[in-house]
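# Descriptive analysis of the structure
The chain contents come next:
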Amino acid sequence: MFKKVIIVAIILSSLKFFSFIFIPEFIIKVAEWFGIGLILAFTIIYFIYNKEKPIKKHFTIPIILIFISVLISMFGSYIYQNQSFPLTAYAQRAIYFYLIYFLLHLMRIDSKFIIRLIVSFALIYIVIYFLQYILYPIQLTTTKMFIDRGTLRIFLSGAGYLVIAYFIWLYMAFRNFRPIYVLILLVTMGIFVLMGTRQVLASMLLLTILFIFQSRVVKSKILIFTLIGLSLIPIYFLFQDIILAMFEVTYRQSQHIEGGIRFEAARFFLTDFFPSALAYFTGNGAAGPSIYGLRLFRYSTELGYYLSDIGLIGEYVKYGMLYVIGVIIILFKVFKSSLPEKIMFIKYNFLGIVLTLVTGGGAFASTSNVLIICLLLYLIDLHKSDKNIFDNSVTD
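About the criteria used
- Residues numbered from 1 in each chain as written.
- Predicted model: local features only at pLDDT ≥ 70, side-chain atom pairs only at ≥ 80, totals over all residues.
- Heavy atoms only, no water.
- Helix = DSSP H or I, 4+ residues; strand = E, 2+ residues; numbered from the N terminus.
- Buried < 20%, exposed > 50% of the residue type's maximum accessible area, 1.4 Å probe, protein only.
- Contact = heavy atoms within 4.5 Å.
- Areas by Shrake-Rupley, 256 points an atom, 1.4 Å probe, with all protein chains shown as cover.
- Pairing = 2+ DSSP bridges.
- Expected span 1.5 Å × (residues − 1).
- Polar contact = N/O pair within 3.5 Å; in protein donor to acceptor, adjacent residues only side chain to side chain.
- Patch = residues over 30% accessible without salt bridge, like charges linked within 9 Å, V, L, I, M, F, W, Y side chains within 5 Å.
- Salt bridge = Lys/Arg side-chain N within 4 Å of Asp/Glu carboxyl O.
- Lys, Arg positive; Asp, Glu negative; His and termini not counted.
- Charge placed at Lys NZ, Arg CZ, Asp CG, Glu CD.
- Axes fitted to C-alpha atoms, helices over the stretch in contact; angles between N-to-C directions.
- Parallel < 35°, antiparallel > 145°, perpendicular 65-115°, else oblique.
- Left-handed = near helix turned anticlockwise from the far one by under 90°.
- Nonpolar A, V, L, I, M, F, W, Y, C, P; charged D, E, K, R; others polar.
- Phe/Tyr/Trp six-rings, centres within 6.5 Å; stacked < 30°, edge-to-face > 60°.
- Lys NZ or Arg CZ within 6 Å of the ring centre and 35° of its normal.

The subject of this paragraph is the overall build of the protein. Looking only at helices and strands, the protein has 18 helices and 2 strands in total. Out of the 396 residues in the protein, the part that is buried amounts to 51%. A separation of at least 24 residues holds for 76% of the contacts in the protein among residues at least 6 apart in sequence. A total accessible area of about 18900 Å² is found for the protein, and carbon and sulfur atoms account for 69% of it.

The next thing to look at is helix α17 (residues 345-355). Within α17, 8 of the 11 residues are buried, which leaves it mostly tucked inside the rest of the structure. Turning to α17, its buried residues number three or more, namely Phe345, Ile346, Lys347, Tyr348, Asn349, Phe350, Gly352 and Ile353. Contacts from the buried residues of α17 go to α6 (111-135), α7 (159-176), α9 (198-214), α16 (321-336) and α18 (367-385).

Further remarks concern the pairing of strand β2 (residues 151-154). Residues Thr151 and Arg153 of β2 are buried on one face, and the alternating residues Leu152 and Ile154, pointing to the opposite face, are buried as well. Taken together, the 4 bridges between strand β1 (residues 145-148) and β2 define a ladder with antiparallel strand orientation. In the sheet register, isoleucine 147 faces β2, and the bridge partner there is leucine 152.

What follows covers α6. Side chains that are three or four residues apart share a direction in an α-helix, a result of its 3.6 residues per turn. In this model α6 runs 36 Å from its N-terminal to its C-terminal C-alpha over 25 residues, within 8% of the 36 Å that 1.5 Å per residue would give. Regarding α6, its N-cap is aspartate 110, as a side-chain oxygen of that residue lies 3.2 Å from the backbone nitrogen of lysine 112 further along.

This part covers a positive patch on the surface. A cluster of basic residues, Lys56, Lys336, Lys384 and Lys387, forms a positive patch on the protein surface. For lysine 387, the position within the fold is in the segment after α18.

Let us look at a nonpolar patch on the surface. On the surface, Ile44, Ile45, Phe47, Ile48 and Tyr49 cluster together into a nonpolar patch covering about 600 Å² of accessible area. Along the chain, the position of isoleucine 44 falls in helix α2 (residues 25-49).

Turning to the packing of α9 against α17, a few remarks are in order. Axis separation between α9 and α17 bottoms out at 10 Å; the angle between their running directions is 140 degrees. By the criterion of interaxial angle, the relationship of α9 to α17 is oblique. When you trace α9 past α17, the crossing you get is right-handed. Taking contact as the criterion, the partners of Ser203, Leu206, Leu207, Leu210, Phe211 and Gln214 in α9 are, on α17, Tyr348, Leu351, Gly352 and Leu355. Of the residues that constitute the contact of α9 with α17, the class distribution is 7 nonpolar, 3 polar and no charged.

A full pass over the atoms with the stated rule returns 29 aromatic pairs. Taking 6.0 Å as the distance between ring centres and 55 degrees as the angle between the ring planes, the aromatic pair formed by phenylalanine 18 and phenylalanine 20 counts as tilted. Judged by its relative accessible area of 5%, phenylalanine 18 falls in the buried class. With a centroid separation of 5.2 Å and 85 degrees between ring planes, the pair formed by tyrosine 166 and phenylalanine 167 is classed as edge-to-face. For the pair formed by tyrosine 166 and phenylalanine 167, the shared burial category is buried. These aromatic residues form a ring-pair network of at least three members: Tyr166, Phe167, Phe174, Phe192, Phe211 and Tyr348. Seen from the ring of tyrosine 90, arginine 93 lies directly overhead, with NZ or CZ sitting 4.5 Å from the centre. The ring of phenylalanine 155 carries the charged tip of lysine 144 above its face, separated from the ring centre by 4.9 Å.

One pass over the structure, following the stated rule, counts 2 salt bridges. Taking the shortest distance from any N to any O, the salt bridge between arginine 93 and glutamate 32 comes out at 2.6 Å. Residue arginine 93 is found in the loop between α4 (85-91) and α5 (100-107), and its partner glutamate 32 is found in helix α2; the two are separated by 61 residues along the sequence. Judged by its relative accessible area of 17%, arginine 93 is buried. The residue glutamate 302 makes a salt bridge to arginine 298 at a minimum N-O spacing of 4.0 Å. Of this pair, glutamate 302 and arginine 298 both sit in helix α14 (residues 291-303), 4 residues apart, roughly one helical turn. On the basis of relative accessibility, which here comes to 57%, the residue glutamate 302 falls in the exposed class.

Listed below in C-alpha cells is the structure:
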C-alpha cells in the first residue's frame, strides 16, 4: 500500500494537483519539485535496500540518451543564450520525471494497479472537465481556458490518461459488450470534441478505425462501422457549432499552407533562431526566467511562434540531436514489441503521439506526459519478463 501511495503522490505532483483554485499558489509552484524529490529519495532508498531480483529494463539506453542531451543542452543555453546553469536546470524539470522509470522497476509496482490508476485518473479528468465546463466562468482550476471555435477550450493536465483509458474501454466494450463501456466511450469522445483540437479528434477517430480493423475481439466489422456511422449523426448535431468551427479553421489554413503558423514557426526555429552550427547538436536549452525566456515570449506574442506548437521540432531546438535519437529509439522499441491485445492500448497511445509528433505539444517533454510514457514503458518490460503477467488483467 505504501508504494502505491507514493506513486499516486508523484502522479498528482506531475499534474500540479490539477491546479485547483483552492490550493495555495505556492504548493502548485513547488508540486513538480515535490514529485522529483519523492522519485529521487525513494530511488536511492530502494536501490540500497531492495533485495528483489530486478526485471530487465529495455528502455534504459534511450532514457540515458535523453538525460545526456539535457545535460549538453545546458552548456548550449549558457554559451549561446547567456542563460545560467541553475535557470536551465529549473526550466528542464519535466525531464527529471524520466527517473520514475527506474523507480517503478525498483518498487516492482503491480501491473493491475497501474492500469487501474490510469483508468482512475481518466475518470477524475472527466469529472473535473465537465464540472469546469458547466460552471464556467466560475473557475475550479487555474489552468488555461478560453472560448474559441464554438466551445470552451480547457487545457487541463491529465488528458493523456483519458486517451489511454479510451482504448482500454474500447477493448472492453467489444470484449464484454456492456452498455456502460459504450456510454463512457461516447462521453470521452464528447470531451475530445469539446477540446476543439482538430488533431486530437482526427487522431482518435483514425486510431478507432484502426482498432476495429486490427482487433480480434471485433466480430462483425461491417456492423460495427455501420453502428459507429449512425452514432456519429447525433454527435454531429449535438456538437454542430464546434465541428463546423473546426472545419472553418481548417479551410482557412488550407488556403495558405505556406503561411501556416506552425510551418512558419518550424522554419524560423530551425533556421534563423539557431546561433551556430554546433547548436544543432547541443540544442539551445530549455528557457527559464531569463533574457532567453523573454525573447521566446516575444516571439510567441509578436509572431505567434511557440516551441510548444511544433512538437518534436520544438524539443529538438531545446535539447538537441541526442534527445531526438532517444525519442526515436523509444518509439522503435515500442512498435517492435509484441504485445497481447489486452494491452495494445500502449501502442495505440504511441501511435497517437506519432500522428501529432511535429504538431502537438511535445509528448516526450511535458511533465504529465513523461510520467505516462514511463508507466507504459514499464508495462512493456513487465510483459517481456513474464508473458503471462497480463492473463488476469483488469481489461479482461
